[in-house]
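If you want the building blocks of each chain, they are given just below.
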Amino acid sequence: MGELLPSKDAPQLIDENEPAIEKLADRAINFHENIIYFPVRHHSPVCSFHLKNVISEYVPECILVEGPENANALIDVLTNPESKAPFAIYYSFSDKSGIVSESCEDYKCYYPFMDYSPELVALREAKKLGIKAEFIDLPYREILAASSEGSGLRDKSLSYNDDYMIARSKYIYEICERTGCRNFDELWEKYFEQNGYYFSAKDFVRQMLTYCFFSRKDTLYEEMMADGCLAREAYMAQRISQAQDKYRRILVVTGGFHTCALVNYSEKYDIKFHKIGRGEEYVYPMAYTMEAVDSLSGYASGMPAPAFYQMIWNQIEEGISAKEAYKNTVLNFLVGVGRKIRAKGENISTFDETCAFDMANGLAELRNKISAGLFELRDCVLSCYVKGEVNLLESMTLKILTEATTGDKRGRLCSGASIPPIVTDFETQCSKLGIKTGTSLSKEMVLNIFSSVRHRETAQFFYRMCFLEVDFAVKIRGANLHTGRDKNLIRETWKYKWNAEVSSELIDRSVHGGTIREACVNIINVKLGKSNTAGECAELMVSAFEMGLSDESDSMVRITDAKITNDGNFISLADALNAMCRLVNLRELYNAQHTADLTPLIKKCSGKLVSLMPSMADVNDDDCDACSRVCRQLYSLSSRKILSEYREEIISAFRRTVKQNPINPCLQGTVYGLIYGSDASVKDEITKVCKGYFTGTPNQLGNGTGFLRGLFSTARDLVFVEDSFIKMIDGLLVEIDDDTFMNIVPELRMAFAYFSPGETDRIAESVAAMHGCKSRDITEKRGITPKLYKIGENIDKWTERQMSREDVPQ
């Protein structure tokens, strides 16, 4: 069906290199030799098609597959019929010994597999035929150690099998330009995925090696060294040499970029691995998703659009020709996407779908392809399905098409797979609570946490996942137990989505416990031990409560008690008191049982705050609100049973505080208001202080508004008991000049903001009466009309001109 570069499409680029490539191909795939090399592109159906045929014809005794060798123990899990792709091998390495870099960072990556991944096809065929199969690449940690900072798997890559070296070379860019293909994936589909089915195995390998030969030739030696590519090839060559001593017929399956080097590899190396400590490296199988496999999602791990090519592969496996398989798949997606767009309210008809299919076939013929493919599908969908507002609808249509061709399937592992217990516990909890994790689609749950025990347990599970920093669920609506916001909401709305990161993050957390609950308890205990303040400990107790870990509260209370004893920071102790009081209220609200008594902690924390309070008189404005909140909280607690015996001591501390000099005026007003609530006789003292502020210097006048703001936050009734106080304030403000008054208006507004609208009206009535009018005389006064305003403006301008005339007597 044609070569990689058919003459009618573009000039041949093989020229003088053709003998070298022919020799390379002859050495790579000669069925009479004791070893053959099969080059692949990761997640390529056509590579898997030819690989199966080669295995059937060559019948090797051993198949060596590119992949970190410390995953060999997982091959039985990967090839078990119960294991359903997509799945992946998860590698994590904690560089505690600094073998990768001095920064001793943590690293992780995935080695994903689809049904049509050549590596998985090789492993499955080996098991079916009773052939030995092994991974032969360096362990993940050694690949990292052989790579330079910012290169290869140290370039923040999450995928082990990244095809970037064969997809981004200058050679590929030039071919794309000469053939009219928009990118490497379109080039690959046209000349390999479609045409490749009609080649013989040897011709296909020759095409692969031609393309890989030039890609490698265009890659700098220094780049391959920095990438770790050369170290990996040296080790794979060593493993191949060792296998030749044991087996007579060997099949080597590697990425085409490596195959070009391995076929002619002659150097002998004895590579030694770095020694690492226990628990620094983990290798586990895990379920994966099509979304994560898709290279367009950021993993760059091979072919894009896994759902599209999975459908192609399924038909190829059934014996359907490649041409028909592509035609059927394009039609299937056109109909499916049209159905989903109609569900969004857009008018996509059967005629539109027919036109789109005809266009796809026409584009394929125009582009000299055997059939329409992924790129024709995208082009005709945008041309035939986008109507109306182009930008908006185009975005929606592309989103639907991309989601469809990507797929939402999630794989699963066979029973008995060696995965950490915490991952198994996650699956068990999701099944028990009815949380659907079968796909990678985002789902929403509304939880009635007060009326349903199951919903409460579900919320606790979500909170635990958030505490473990596992990217699985996020609360989008509901009460915030840490800040007290939206506490009137009785329902919680959560969004959750399963993805490959969930399993990998749980594996990373497995060092903390065998279950999610155990991991949360252990992490809380570690954080409690490391916390520097009582406030941090108290907030952790709130986190434990929302996660349903109240039965662990005894140990948390003991640790928090010790932190309160050693904590001398007023703000930290204030945060601790606030959190513990909030926790007491939450326990009553949620009817929590079997929880440790917090009364001793609250009394102890309150006692320290009372003793420290006078020293906080001159607190800065940033911390003033926190101090004022603590004062209000202590006053409130002293009126309840929990701190009633300390009421006199608290009031006494308040009296000492307001006498401090200097003192923050806002805090002073707050505390005076609290004292007034206990002893109304302090009113005269408050009036005196207020007069002192408003009749003093301009700076003191500004402090006066701060004093009122604090006072009104705790003693609004002072204004309404009798009108003497409001008369005093009015009298003081009347004496202030206009400019000074305008400067303090913003602060005055903040002070009176504590009053309700009805209370504000009452104050307005009282003040208006003092000046011989009614409030409506002010609030209902008609404004100046635009016409009258314009007349006045003209008069001002005329007057200004007249005053500036020189002949006018001054």
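Residues numbered from 1 in each chain as written. Predicted model: local features only at pLDDT ≥ 70, side-chain atom pairs only at ≥ 80, totals over all residues. Heavy atoms only, no water.

Concerning the overall build of the chain
Check the secondary structure of the chain and you find 37 helices and 10 strands. The C-alpha atoms of the chain give a radius of gyration of 38 Å, which is well past the 28 Å a tight globule of 810 residues would have. Its C-alpha atoms give the chain principal-axis dimensions of about 110 × 80 × 55 Å. Summarising the internal contacts of the chain: among those between residues at least 6 apart in sequence, 75% fall at separations of at least 24. As displayed, the chain has an accessible area near 37700 Å², and 50% of this comes from carbon and sulfur atoms. In the chain, 96 side chains carry a positive charge and 114 a negative one; their mean positions are 5 Å apart. (Helix = DSSP H or I, 4+ residues; strand = E, 2+ residues; numbered from the N terminus. Rg over C-alpha atoms; globule rule 2.2 N^0.38 Å. Contact = heavy atoms within 4.5 Å. Areas by Shrake-Rupley, 256 points an atom, 1.4 Å probe, with all protein chains shown as cover. Lys, Arg positive; Asp, Glu negative; His and termini not counted. Charge placed at Lys NZ, Arg CZ, Asp CG, Glu CD.)

Concerning the packing of aromatic side chains
Applying the stated rule across the entire model yields 35 aromatic pairs. Aromatic pair F192 and Y211: ring centres 5.5 Å apart, planes at 55°, arrangement tilted. In this pair, F192 sits in helix α8 (residues 184-194) while Y211 sits in helix α9 (residues 201-217), placing the two residues 19 residues apart along the sequence. Geometrically, the ring pair formed by Y693 and F707 is tilted, given 5.5 Å between the ring centres and 40° between the ring planes. Separated by 14 residues along the polypeptide, Y693 in helix α30 (residues 683-694) and F707 in helix α31 (residues 698-714) bring together distant segments of the chain. As far as burial versus exposure is concerned, Y693 and F707 are alike and both buried. Among the aromatic residues, those joined into a cluster by ring pairs are F426, F461, F462, Y463, F472, W494 and Y496. Just above the ring of W498 sits the side chain of R410; from NZ or CZ to the centre is 3.8 Å. It is R647 that lies over the ring of Y635; its NZ or CZ is 4.7 Å from the centre. (Phe/Tyr/Trp six-rings, centres within 6.5 Å; stacked < 30°, edge-to-face > 60°. Buried < 20%, exposed > 50% of the residue type's maximum accessible area, 1.4 Å probe, protein only. Lys NZ or Arg CZ within 6 Å of the ring centre and 35° of its normal.)

Overview of the sheet that holds strand β9 (residues 473-477)
In spatial order, the strands read β8-β10-β9; together these three strands make up an open sheet with antiparallel pairing. Two strands lie at the open edges of the sheet, namely β8 (443-447) and β9, each paired on one side alone. Averaged over all neighbouring strand pairs, the angle between strand axes comes to 30°, with direction disregarded. Both β8 and strand β10 (residues 492-496) contribute to a ladder of five bridges, which runs antiparallel. Residue K443 lies in a different strand from β10, and its bridge partner there is Y496. (Pairing = 2+ DSSP bridges. Axes fitted to C-alpha atoms, helices over the stretch in contact; angles between N-to-C directions.)

Quick word on the pattern of salt bridges
Evaluated as defined, the whole model comprises 36 salt bridges. Of the charged contacts, one joins E189 and K369 as a salt bridge, the two residues approaching to 2.8 Å between their closest N and O atoms. Note that E189 is positioned in helix α8 and K369 in the loop between α16 (350-366) and α17 (374-385), a separation of 180 residues in sequence. One exposure class covers both E189 and K369, and it is buried. (Salt bridge = Lys/Arg side-chain N within 4 Å of Asp/Glu carboxyl O.)

Comments concerning the packing of helix α25 (residues 570-590) against helix α27 (residues 621-638)
Close contact between α25 and α27 brings their axes to 10 Å; oriented N to C, the two are set at 45°. The orientation of α25 with respect to α27, classified from their angle, is oblique. α27 is crossed by α25, and the crossing has left-handed handedness. On α27, the residues touching F570, I571, A574, D575, L577, N578 and C581 of α25 are D623, A626, C627, R629, V630, Q633, L634 and L637. The residue inventory of the contact of α25 with α27, partitioned by class, reads 10 nonpolar, two polar and three charged. (Parallel < 35°, antiparallel > 145°, perpendicular 65-115°, else oblique. Left-handed = near helix turned anticlockwise from the far one by under 90°. Nonpolar A, V, L, I, M, F, W, Y, C, P; charged D, E, K, R; others polar.)

Quick word on the state of the cysteines
The tally for this structure, following the rule as stated, stands at zero disulfides. Here C380 is not cross-linked by a disulfide; its sulfur's nearest cysteine counterpart is in C384, at 6.1 Å. On the accessibility criterion, C380 (0% relative accessible area) is buried. The cysteine C627 is free of any disulfide, with C624 supplying the nearest cysteine sulfur at 6.7 Å. (Disulfide = S-S within 2.5 Å.)

Observations concerning a nonpolar patch on the surface
Side chains of I784, L788, Y789, I791 and I795 sit close together on the surface and give an oily, nonpolar patch of about 550 Å² of accessible area. Among the secondary structure elements, I795 is positioned in helix α37 (residues 786-804). (Patch = residues over 30% accessible without salt bridge, like charges linked within 9 Å, V, L, I, M, F, W, Y side chains within 5 Å.)

What to know about helix α2 (residues 45-58)
Between its first and last C-alpha atoms α2 spans 20 Å; for 14 residues at 1.5 Å apiece the expected length is 20 Å, and the two agree. Residues of α2 that are buried include every one of P45, V46, C47, S48, H50, L51, V54, I55 and Y58, and no others. Once α2 finishes, V59 follows within two positions and takes phi at roughly 50°, a positive value. (Expected span 1.5 Å × (residues − 1).)

Some points on the side chain of T397
Along the chain, T397 turns up in helix α18 (residues 390-406). Since its relative accessible area comes to 0%, T397 is described here as buried.

Details of the sheet that holds strand β4 (residues 106-113)
Overall, antiparallel pairing links the three strands, which are arranged β4-β3-β7 in an open sheet. Either end of the sheet is taken by a strand with one partner, and the two such strands are β4 and β7 (281-287). Adjacent strand axes in the sheet meet at a mean angle of 20°, parallel and antiparallel pairs treated alike. The pairing of strand β3 (residues 87-94) with β7 spans seven bridges and is antiparallel. Each bridged residue has a counterpart across the sheet, and for Y91 the counterpart in β7 is V283.

Examining the packing of α2 against helix α4 (residues 118-129)
Here α2 crosses α4 at 25°, and the two axes come no closer than 9 Å. As judged from the angle between their axes, α2 and α4 are roughly parallel. Of the two possible hands of crossing, α2 and α4 adopt the one that is right-handed. From α2, C47, S48, L51, K52 and I55 reach across to α4, where they touch P118, V121, A122, E125 and L129. Here the contact of α2 with α4 is built from residues that sort into seven nonpolar, one polar and two charged.

Topic: the confidence of the model for the chain
Scored by pLDDT, the chain has a mean of 86; 92% of the residues are at 70 or more. Confidence drops under pLDDT 50 across residues 1-16; counting only partners more than four residues distant or on other chains, this segment forms 38 contacts. Here residues 296-300 scores under 50 on pLDDT; set against residues more than four positions off or in separate chains, the count is 15 contacts. (pLDDT = per-residue confidence, 0-100.)

Topic: helix α22 (residues 516-530)
With 15 residues, α22 ought to run about 21 Å at 1.5 Å a step, and its terminal C-alpha atoms sit 21 Å apart, in line with that. When we look at burial in α22, the residues that qualify are I516, A519, C520, V521, I523, I524 and L528. Considering only its buried residues, α22 is in contact with α19 (421-433), α20 (453-467), α21 (500-509), α23 (534-546) and α24 (553-566).

Considering the pairing of β3
Within β3, eight of the eight residues are buried, leaving the element largely enclosed by the surrounding structure. Every second residue of β3 is oriented toward a common face, with F87, I89, Y91 and F93 on one face and A88, Y90, S92 and S94 on the other, all of them buried. As paired elements, β3 and β4 share eight bridges and run antiparallel to each other. By the bridge assignment, Y91 is partnered in β4 with C109.

Some remarks on the side chain of E759
Within the secondary structure, E759 is located in helix α35 (residues 757-770). According to the relative accessible area criterion, E759 is buried, its value standing at 17%. Excluding residues that lie within four positions of it along the chain, E759 makes contacts with R716, F720 and Y754.

Some thoughts on the environment of F49
Here F49 lies in helix α2. Taking the relative accessible area as the measure of exposure, F49 reaches 25% and is therefore partly exposed. F49 sits 267 residues away from I316 along the chain, and the two C-alpha atoms are 8.0 Å apart. Leave out the neighbours within four places in its chain, and F49 touches Y197, W313 and I316.

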